[in-house]
Amino acid sequence: MLTATAPLSGLRVVAASPHSETSTVLIELGVVFLVLALLGRLASRIGIPSIPLYLLAGLIMGEGGFIPIAAGEDFLAIGAQIGVVLLLLLLGLEYSPDDLRVGLRTTWKAGILDGVANAVPGFAVGLLLGWSVTASILLAGVTYISSSGIIARLLDDFDRLANRETPVILSLLVMEDIVMAVFLPILAVLLVGATIVQGAIAAGIAIAIVAAAFFFALKFSHHVSTVVHSHSRELLLLGVLGLAFLVAGLAEAVQVSAAVGAFLLGLTLSGNVADQVRGLMPPLRDVFGGIFFVFFGIGIDPRDLVPVLLPALALALVTAVTKVGTGIWAARQAGIGPKGQWRTGLSLVPRGEFSIVIAGLGVAAGAEAMLGPFAAAYVLILAVAGSILMRFADRIPSPLKAPPRRGVPPAV
């Protein structure tokens, strides 16, 4: 940009150097990464998950915080999206399409219970606050869906991917993501005042795309893995990342969700390719996953949380209990023992990326002014509390008791 002035002594032209903006972005990103490194070390030292600290760091560095980050926010926004894609891609790599198919077949009843038990409280609170039906439906979506990103990261951090209850957790998360694949396009149609017929068409398209993706993952997994495979780690990583971003972008373009697309691609990759990627990708995932949680916190102005903190806290408490109950019931139906049932319930508590996406749609459409701060407070409470509950799941006293063994009378 050029700024021209014409004093008596002559004409002076001053050019604003692009280097100053670049240096500001790099300095801010340096601060963000150093803060992440320090907080990660602190979390490891005191034995708690790093995610709550990353979220709180985002609050401090966001609008209204002590260290506002502005110049580097565009990079962080893209980095956050990459983080979600990598988290779900690696989650999908842990399981085969057959594992997922069996899991969905055995947990569909729990999925229905999950939807009713966790969406109804949000809808009811929206109506009690005097919000419109559309805004209340938005809040129902916020309270319904658990955070695939947070839960996937913590399952890996706590070495619980091989636990018996983990397939139950993943099946419920995938069912929620599939529901979101249908819910989001319908929601977008409702927010612009379209007809029921238009909403039904949007839902039909979303269902067809997800079904086609599942079919492709089941039938052509070996062929995709053969094409992507390379003895060069560099070429393998480039191929998988290229496919992951392409699939995630196409999924987002048709309003299915980048997370669902990345997860389905992870399911499609198998054999030696999956094993190699699981060895190469975690450091990259951890870096961009950290950016995602910081960026989430940056989007929240701490001053907006105060008026909605108490009602958000009450709703968070209610829906934490309903999530725990859903997880316990689902794990019990799958034949998991009491300890696994308890871990399943506590693992479903965190809310995160999808809840913020839903609230963002409502805020952008002007559905309800208080929806944004309310959802932010609600998600922050359950993201932090849920992470801690997962960390200490085996130490928190469980109300569940193991069934008595045959021939042994129950204790009095």
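Residues numbered from 1 in each chain as written. Predicted model: local features only at pLDDT ≥ 70, side-chain atom pairs only at ≥ 80, totals over all residues. Heavy atoms only, no water.

Labelled according to an unreviewed UniProt entry, the protein appears under the name Cation:proton antiporter, originating from Demequina lignilytica. Entered under Sequence similarities (unreviewed entry) in the UniProt record, the comment concerning the protein runs "Belongs to the monovalent cation:proton antiporter 2 (CPA2) transporter (TC 2.A.37) family." Looking at the protein in UniProt, the text filed under Subcellular location (unreviewed entry) is "Membrane". (UniProt positions renumbered as here; feature names shortened; annotations may be inferred.)

K.L.:
Please give an account of the overall build of the protein that cites residues and values.
P.N.:
The helix and strand inventory of the protein stands at 17 helices and two strands. Buried residues in the protein amount to 47% of all 412 residues. A fraction of 80% describes how many contacts in the protein between residues 6 or more apart in sequence connect residues 24 or more apart. Just so you have it, the protein exposes about 19,900 Å², and 69% of that area is on carbon and sulfur atoms. (Helix = DSSP H or I, 4+ residues; strand = E, 2+ residues; numbered from the N terminus. Buried < 20%, exposed > 50% of the residue type's maximum accessible area, 1.4 Å probe, protein only. Contact = heavy atoms within 4.5 Å. Areas by Shrake-Rupley, 256 points an atom, 1.4 Å probe, with all protein chains shown as cover.)

K.L.:
Residue-level account of helix α2 (residues 51–61), with values.
P.N.:
Where burial is concerned, most of α2 is hidden: nine out of the eleven residues are buried. Where α2 is concerned, the buried positions are Ile51, Pro52, Leu53, Tyr54, Leu55, Ala57, Gly58, Leu59 and Met61.

K.L.:
Run through a negative patch on the surface, naming residues and quoting values.
P.N.:
Among the surface-exposed residues, Glu63, Glu73, Asp74 and Asp304 lie close enough to one another that they form a single negatively charged patch. Position of Glu73 relative to the elements: it lies in helix α3 (residues 73–93). Relative accessible area serves as the criterion here: at 31%, Glu73 is assigned to the partly exposed category. (Patch = residues over 30% accessible without salt bridge, like charges linked within 9 Å, V, L, I, M, F, W, Y side chains within 5 Å. Salt bridge = Lys/Arg side-chain N within 4 Å of Asp/Glu carboxyl O. Lys, Arg positive; Asp, Glu negative; His and termini not counted. Charge placed at Lys NZ, Arg CZ, Asp CG, Glu CD.)

K.L.:
So what's going on with the packing of aromatic side chains? Residues and values would help.
P.N.:
The full count for this structure, using the stated rule, is two aromatic pairs. Ring centres of Trp131 and Phe374 lie 5.8 Å apart, and the angle between their planes is 80 degrees; on these two criteria the pair is classed as edge-to-face. With Trp131 in the loop between α4 (97–128) and α5 (133–144) and Phe374 in helix α17 (residues 371–391), the pair connects residues that are 243 residues apart, well separated along the chain. Assigned by exposure class, Trp131 and Phe374 land together as buried. When the ring centre of Phe392 is taken as reference, the NZ or CZ atom of Arg391 above it lies at 4.9 Å. (Phe/Tyr/Trp six-rings, centres within 6.5 Å; stacked < 30°, edge-to-face > 60°. Lys NZ or Arg CZ within 6 Å of the ring centre and 35° of its normal.)

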